[in-house]
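Geometric and topological summary
What follows is the residue order along each chain.
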Amino acid sequence: MRHGACRSEIGIVRTEFSDLAAPAIAPRRRPGVDEQNEVLHKLRHSTSHVMAQAVLERFPEAKLAIGPAIEDGFYYDFDLPRALTPEDLQAIEGRMRELIPQGQPFEYREVSEAEARSLFAGQPYKLELIDDIVKLGRNEYGEADEGPPTLSIYRHGSFVDLCRGPHVSNTREINPKAVKLLSIAGAYWRGKEDRPMLQRIYGTVFQTREGLDAHLAKLAEIDRRDHRKLGKELDLYSTHEIGGAGLIYWHPKGALIRETIENFWRQVHRKRGYDIVYSPHIGRVDLWKISGHWDFYRESMYSPIDIDGIQYLLKPMNCPFAVLMYKTRTRSYRDLPLRWGELGTVYRYERSGVLHGMLRVRGFTQDDAHIFCRPDQLMNEIVGVLDLAFFMLRTFGYEQFDVELSVRDEEHKGKFIGEDSVWQNAESALHEALKLRNVPYKVMPGEAKFYGPAIDIKMRDALGRGWQGPTIQVDFNFPERFDLKFVGEDGQDRRPVMVHRTVLGSMERFVGGLIEHYAGAFPVWLAPVQVKVIPIADRHNDYARQVLTRLLEADIRAEVDDTADRMNAKVRKAQMEKVPYMLVMGDKEVEAGTVSVRLRSEENLGPKPLDEFISLVQQAIAEKKNP
RNA sequence: GCCCUCGUAGCUCAGUCGGUAGAGCACAUUCUUGGUAAGAAUGGGGUCACCGGUUCAAAUCCGGUCGAGGGCUCCA
């Protein structure tokens with residue numbers, strides 16, 4: 001008999017326990033798994049058991065940890081005598097295809113603690129889980145469960161696992177052709193760094209081969225859109241070993257995209273009552289001591305720089321500088337709100353293993369802003385930021401959002417700074433703002449920052465993936481620490497409220513996300529090269545340059561390809577550069593004074609007068625649309 | 001930071017059993033002046049990431065460092 005333990009379903013007590021009646025329990029880090037599709041969830045969970053069975057056959061001494069279904073698949077964690085190889089993965093997958101048709105029924109049974117301990121005597125991780133279930137009445141997430149603890153096992157064939165289920169009734173319900181093991185990865189036992197490092201096998205299964213193929217096609221599409229790959233191919237950015245990890249070099253074309261975004265950002269902010277400021281990149285350590293970063297954020301900050309015996313820190317955040325500017329004069333209630341936007345470049349220490357292209361870096365430019373306002377203005381300010389945020393994101397083609405409101409936890413008030421009344425005011429301001437704009441949102445109790453409640457917006461990209469977007473944080477801490485004041489109507493000093501917010505997040509992460517969202521085919525207004533002018537033969541080069549001049553005069557970003565390549569090759573190159581418009585010109589066009597328009601979509605619009613083409617492009621730019 | 005994998009020409013990659021390197025693309029030159037996704041020939045280009053070790057001999061084996069990738073943990 002072989003033993004294992006699976007993660008998500010262990011020993012949870014329900015009175016009438018059966019697979020069908022079993023409540024849907026989503027693993028914490030990947031929510032929404034089985035809410036929509038319990039069938040797939042059961043299938044995946046069951047397949048993870050079959051995988052564990054195959055692993056145990058290959059490594060009888062394996063220690064099993066947990067093996068839940070997750071979004072898009074499943075995994076199982078093992079403690080093995082040696083590192084797994086891709087060959088192991090193949091062999092395990094092959095063995096699974098043999099085990100599945102054996103038609104082994106899944107059998108559920110509740111067991112006593114003593115029986116559980118003897119069944120899993122050689123399985124330390126399992127025993128630890130039993131301990132927690134029995135002694136603490138907690139599941140594997142450390143969450144308390146209702147009712148008396150119950151231990152349950154699932155058996156199929158030679159494999160027994162400590163498990164709450166649910167499972168399919170028989171392995172035959174799994175389609176062996178729709179099973180695929182995907183990758184091997186390291187994972188800490190229970191996700192804790194001080195616990196042993198286990199080997200995790202990720203896999204997936206669908207009801208049909210077609211379902212699996214569609215999923216694999218999506219994975220290939222994700223790969224195709226990878227911003228690191230496209231960033232190199234499109235010559236947008238680079239990183240350099242000799243330059244240091246996690247630092248982005250923006251090449252001319254990437255810089256042009258960024259510049260376009262930043263110009264748009266400034267324009268939008270000014271229209272909405274923001275002023276734009278700049279602040280230094282370093283500041284004395286004393287500043288960071290007052291702000292609290294020295295105590296609470298030190299692990300993300302770089303070592304001090306000594307200047308004439310005084311210690312300075314590279315800034316990980318822009319906010320203390322905004323505060324200093326606020327304090328340069330006495331502020332009246334009439335001056336508020338002050339909205340100060342800043343494209344501020346910050347540097348944060350990130351552990352080497354988490355760095356990832358443009359998405360996770362050590363130096364980045366936030367599209368930051370700090371709003372200083374009266375408590376009674378807070379709601380309006382939040383509404384203003386929400387409107388701004390959604391307007392910006394929709395402009396960049398994001399249409400779907402998930403909004404979270406992080407508030408204080410009533411039971412742990414001690415963790416949060418500030419008066420009850422101030423918190424209540426702030427939290428209700430955020431609720432009201434979201435309601436006023438009919439934004440659906442999820443309340444996250446206890447997830448507030450220690451200095452105030454926050455709204456986080458995630459946007460979904462073209463592939464439905466979620467990206468961290470705008471964040472709006474109310475702050476009572478800074479005004480306190482820096483003793484910020486404004487003079488009220490009655491002449492008394494009052495405490496302003498501060499709002500920290502970003503809309504795009506950081507230029508690095510946002511552009512990295514945009515590359516993947518658009519698969520490198522940027523809408524015309526963002527495309528680094530908007531028009532490629534393609535003369536067919538050398539004798540058309542002069543005409544091509546005349547056309548180029550006209551385009552440049554019309555503020556259109558254009559290039560002439562006057563290389564010795566054939567026209568076909570020039571078209572191909574422009575296609576691969578994902579240039580929205582190609583203008584092909586030969587004898588006919590020179591004669592007629594026209595340009596032949598080919599779109600990136602491969603649509604051929606045929607010859608057009610140049611003026612007509614220019615207004616076409618200008619319109620596409622103005623509307624921020626694709627051709 | 002931790003586990004696993006990887007680092008060969010500007011890019012994408014071959015390189016068997018240890019015997020001091022190859023292709024395609026790109027680039028340069030020449031020929032070709034071609035109507036909507038690759039015209040042809042010739043040529044230049046590598047301290048095989050870096051440091052050290054084993055060996056008569058290291059791209060290849062071993063150790064370390066740096067960097068990258070898949071994860072864990074953490075975040076804009």
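For the structure given in this document, a descriptive report is provided here.

Parameters and conventions
Residues numbered from 1 in each chain as written. Chains lettered and ligands numbered in written order. Predicted model: local features only at pLDDT ≥ 70, side-chain atom pairs only at ≥ 80, totals over all residues. Heavy atoms only, no water. Core = buried A, V, L, I, M, F, W, Y, C linked by side-chain atoms within 4.5 Å. Buried < 20%, exposed > 50% of the residue type's maximum accessible area, 1.4 Å probe, protein only. Helix = DSSP H or I, 4+ residues; strand = E, 2+ residues; numbered from the N terminus. Contact = heavy atoms within 4.5 Å. Axes fitted to C-alpha atoms, helices over the stretch in contact; angles between N-to-C directions. Left-handed = near helix turned anticlockwise from the far one by under 90°. Nonpolar A, V, L, I, M, F, W, Y, C, P; charged D, E, K, R; others polar. Phe/Tyr/Trp six-rings, centres within 6.5 Å; stacked < 30°, edge-to-face > 60°. Lys NZ or Arg CZ within 6 Å of the ring centre and 35° of its normal.

Turning next to the nonpolar core. Core analysis: the biggest nonpolar cluster contains 68 residues, and Ile 261, Ile 382 and Phe 396 have the highest contact counts within it. Counting residues per element, this core draws most heavily on helix 12 (residues 378-395), which supplies 10 residues. Beyond its immediate stretch of four places on either side in the chain, Ile 261 contacts Phe 396, Leu 504, Met 507, Phe 510, Val 511, Leu 514 and Leu 526. If you look at the next biggest cluster of nonpolar residues, it comprises 31 residues, including Leu 40, Phe 74, Leu 84 and Cys 163.

Okay, the packing of helix 2 (residues 38-58) against helix 3 (residues 86-99) next. The interhelical angle for the contact between helix 2 and helix 3, taken along N-to-C directions, is 115 degrees, at an axis separation of 9 Å. The way helix 2 lies across helix 3 gives a crossing that is right-handed. Counted together, Thr 47, Val 50, Met 51, Gln 53, Ala 54, Val 55, Glu 57 and Arg 58 of helix 2 and Asp 88, Ala 91, Ile 92, Arg 95, Met 96 and Leu 99 of helix 3 form the full contact between these two elements. Looking at the contact of helix 2 with helix 3, its residues break down into 8 nonpolar, 2 polar and 4 charged.

Before going further, it helps to spend a moment on the packing of aromatic side chains. This model, assessed by the stated rule, comprises 19 aromatic pairs. With a centroid separation of 6.0 Å and an interplanar angle of 80 degrees, the aromatic rings of Phe 264 and Phe 396 are classed as edge-to-face. Placement of the pair is Phe 264 in helix 8 (residues 252-271) and Phe 396 in the loop between helix 12 and strand 18 (400-407), with a sequence separation of 132 residues. When the ring of Phe 264 is compared with that of Trp 525, the centres are 5.2 Å apart and the planes differ by 70 degrees; the resulting orientation is edge-to-face. Taken as a pair, Phe 264 in helix 8 and Trp 525 in the loop between helix 15 (507-517) and strand 25 (531-535) lie far apart in primary sequence, 261 residues in all. Of the residues examined, Phe 264 reaches a relative accessible area of 6% and is grouped as buried. Its relative accessible area of 6% is what places Trp 525 among the buried residues. An aromatic cluster is defined as three or more aromatic residues linked by ring pairs; in this entry it consists of Phe 264, Phe 391, Phe 396, Tyr 398, Phe 510 and Trp 525. In this arrangement the basic side chain of Arg 298 is found over the ring face of Trp 294, its NZ or CZ atom lying 3.9 Å from the centre.

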